[in-house]
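Understanding the architecture of this molecule
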Amino acid sequence: MQVYTTETEQVDAIKRFFSTNGKYLAVGLVLGIGVLLGWRYWQTHQTNQLHNTAAVFEELNKSLASGSKENVVAVEKFANETDNVYGVMADLELAKQATAQNDLAQAEKNLLAASGKAKDGNMQAVSNLRLARVQLAEDKTDVALKTLDLVKGKGWQVMVEDIRGDILAKKGDIAGARAAYSTGLGLEGPQVIKDFMKIKLNNLSN
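Predicted model, so just to flag it, every value in this text is computed and none were measured. Every chain is numbered on its own, with residues counted from 1 as its sequence reads. Where totals are concerned, whole chains, interfaces and linings use all residues; where local detail is concerned, this predicted model gives features only for residues with pLDDT of at least 70, and gives and counts side-chain atom pairs only at 80 or more. The side-chain values count all of the structure's non-hydrogen atoms but skip hydrogen atoms and water molecules.

Here we look at the overall build of the chain
Looking only at helices and strands, the chain has nine helices and zero strands in total. Reading the chain from its N end, one meets helices and strands in the order α-α-α-α-α-α-α-α-α. Burial classes follow relative accessibility: with a 1.4 Å probe on protein chains only, a residue under 20% of its type's maximum area counts as buried, one over 50% as exposed, and anything between as partly exposed. Each of the 206 residues in the chain was classed as buried or not, and the buried ones make up 33%. Note on conventions: DSSP H or I runs of at least 4 residues are helices, E runs of at least 2 residues are strands, and numbering of each starts at the N terminus.

Okay, here's the thing in structure tokens:
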């Protein structure tokens, strides 16, 4: 690297540099601006698309309350075609309605779909916790235990142990249920869940 001792030499060097490389710098600048504009356009497009999807979900979710077959089919179509958080939420709502109608097989199907497409860890946890509950209600206790193993994140572990205790109690594993409830009581989590666990733990002792 040359060392320029006077300001004149430095200015001349800069002039020569831009004279030789100016064309390439201009092309690079244009390309850089193009990439930046393209990225901003993509981000804006994605944001607008998500907002539009949210609006569609809200309308469909309201219509689901009617319980009509036509509205259920519309929400199912939306859920199948939407691979983002609103598609997951649609599957969760369909599962909720199916559970209310005691159609546990359909609820399990919806929750499996929600769990499979959820990209956010919290949405995955919610989907799998509800799925384990449904599988427990279907007497699929071993499958439900495997589903619980998919729930990650410290904040969800109290609920995991609560459901695990319920599953083990149903299997007749009283010692295992007692251990699960006791573990859950030692974790940080919603007090209301802990209060129920205390009741269930006390009932195991009777």
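Regarding helix H3 (residues 85-100)
Its 16 residues give H3 an end-to-end C-alpha distance of 23 Å, which sits within 8% of 22 Å, the value for a rise of 1.5 Å per residue. For H3, every residue scored as buried is listed here: Tyr86, Gly87, Val88, Ala90, Asp91, Leu92, Leu94, Ala95, Gln97 and Ala98. Pairs of N or O atoms are called polar contacts if they sit within 3.5 Å, as long as, within protein, a hydrogen donor faces a hydrogen acceptor (for residues adjacent in sequence, only side-chain-to-side-chain pairs). Measuring from the backbone nitrogen of Tyr86 back to the side-chain oxygen at the start of H3 gives 2.9 Å, which picks out Asn84 as the cap. Immediately downstream of H3, the backbone of Asn102 shows phi near 65°, a positive value. Any helix carries an expected span of 1.5 Å times its number of residues minus one.

Some remarks on the packing of helix H4 (residues 104-117) against helix H5 (residues 121-137)
Two numbers describe how H4 lies on H5: the axes approach to 9 Å, and their chain directions differ by 155°. Comparing the axis directions of H4 and H5 gives the class roughly antiparallel. Of the two possible hands of crossing, H4 and H5 adopt the one that is left-handed. Facing Leu104, Ala107, Glu108, Leu111, Leu112, Ala114 and Ser115 of H4, the residues of H5 in contact are Gln124, Ser127, Asn128, Arg130, Leu131, Val134, Gln135 and Ala137. By the convention adopted, Pro, Cys, Tyr, Trp, Phe, Met, Ile, Leu, Val and Ala count as nonpolar, Lys, Arg, Asp and Glu as charged, and the other residues, Gly among them, as polar. By residue class, the composition of the contact of H4 with H5 is eight nonpolar, five polar and two charged. As a rule, the C-alpha atoms of each element are fitted with a line to give its axis, helices using only the stretch in contact, and angles between N-to-C directions run from 0 to 180 degrees. Every angle not falling under 35 degrees, over 145, or within 65 to 115 is termed oblique; those three ranges are roughly parallel, roughly antiparallel and roughly perpendicular. For any pair of crossing helices, the crossing counts as left-handed if the nearer helix is rotated counterclockwise from the farther one by less than a right angle, and right-handed if it is rotated clockwise. Here a residue-residue contact requires only that any non-hydrogen atoms of the pair lie within 4.5 Å.

Concerning a nonpolar patch on the surface
Without a salt bridge and with relative accessible area above 30%, a residue can belong to a patch; like charges are then joined within 9 Å and nonpolar side chains (Val, Leu, Ile, Met, Phe, Trp, Tyr) within 5 Å. All accessible areas in this document rest on Shrake-Rupley with a 1.4 Å probe, and a residue is counted as covered only by the protein chains that are shown. Salt bridge, as used here: a side-chain nitrogen of Lys or Arg that lies within 4 Å of a carboxyl oxygen of Asp or Glu. A cluster of nonpolar side chains, Val192, Phe196 and Ile199, forms an exposed patch at the surface whose accessible area comes to about 300 Å². Within the secondary structure, Val192 is located in helix H9 (residues 191-205).

A few points about the nonpolar core
We define the nonpolar core as a collection of buried residues of types Ala, Val, Leu, Ile, Met, Phe, Trp, Tyr and Cys that are connected through side-chain atoms lying within 4.5 Å of one another. With 20 residues, the main nonpolar core has Leu129, Leu148, Val151, Ile163, Ile167 and Tyr181 as its most contacted residues. When residues of this core are traced back to their parent elements, those giving at least two are H5, helix H6 (141-148), helix H7 (157-171), helix H8 (174-185) and H9. The biggest single contributor to this core is H7, with five residues. When sequence neighbours within four positions are dropped, the list of residues in contact with Ile163 reads Leu129, Ala132, Arg133 and Leu148. By size, the runner-up hydrophobic cluster in this structure holds twelve residues, among which are Leu92, Ala98, Leu111 and Met123.

Considerations on unusual backbone geometry
One non-glycine residue, Asn102, lies in positive phi territory at about 65°. Position of Asn102 relative to the elements: it lies in the loop between H3 and H4. Phi angles above zero are rare outside glycine, and Asp139 is one such case at about 65°. The topology assignment puts Asp139 in the loop between H5 and H6. Accessibility expressed as a relative area gives 52% for Asp139, which makes it exposed.

Considering H6
The complete set of buried residues in H6 reads Thr141, Ala144, Leu145, Thr147 and Leu148. Take H6 and look down its axis: the buried residues cluster within an arc of 160°, on one side only. Elements in contact with the buried residues of H6: H5 and H7. Taken from the helix axis, the directions to the C-beta atoms give the arc we talk about.

Quick word on the packing of helix H2 (residues 69-81) against H3
In the contact formed by H2 and H3, the axes pass within 8 Å of each other and the chain directions differ by 145°. Both H2 and H3 take part in a crossing whose hand is left-handed. Across from Val72, Val75, Glu76, Phe78 and Ala79 in H2, the residues of H3 making contact are Tyr86, Gly87, Ala90, Asp91, Leu94 and Gln97. Each residue belonging to the contact of H2 with H3 can be placed in one class, and the counts come to seven nonpolar, two polar and two charged.

Description of the confidence of the model for the chain
Averaged over the chain, the pLDDT score is 78; the fraction of residues at 70 or greater is 69%. Each residue carries a pLDDT score, the predictor's own confidence in it, on a scale running from 0 to 100. Across the chain, H6 holds the top mean pLDDT of 96, while helix H1 (residues 7-64) sits lowest at 56.

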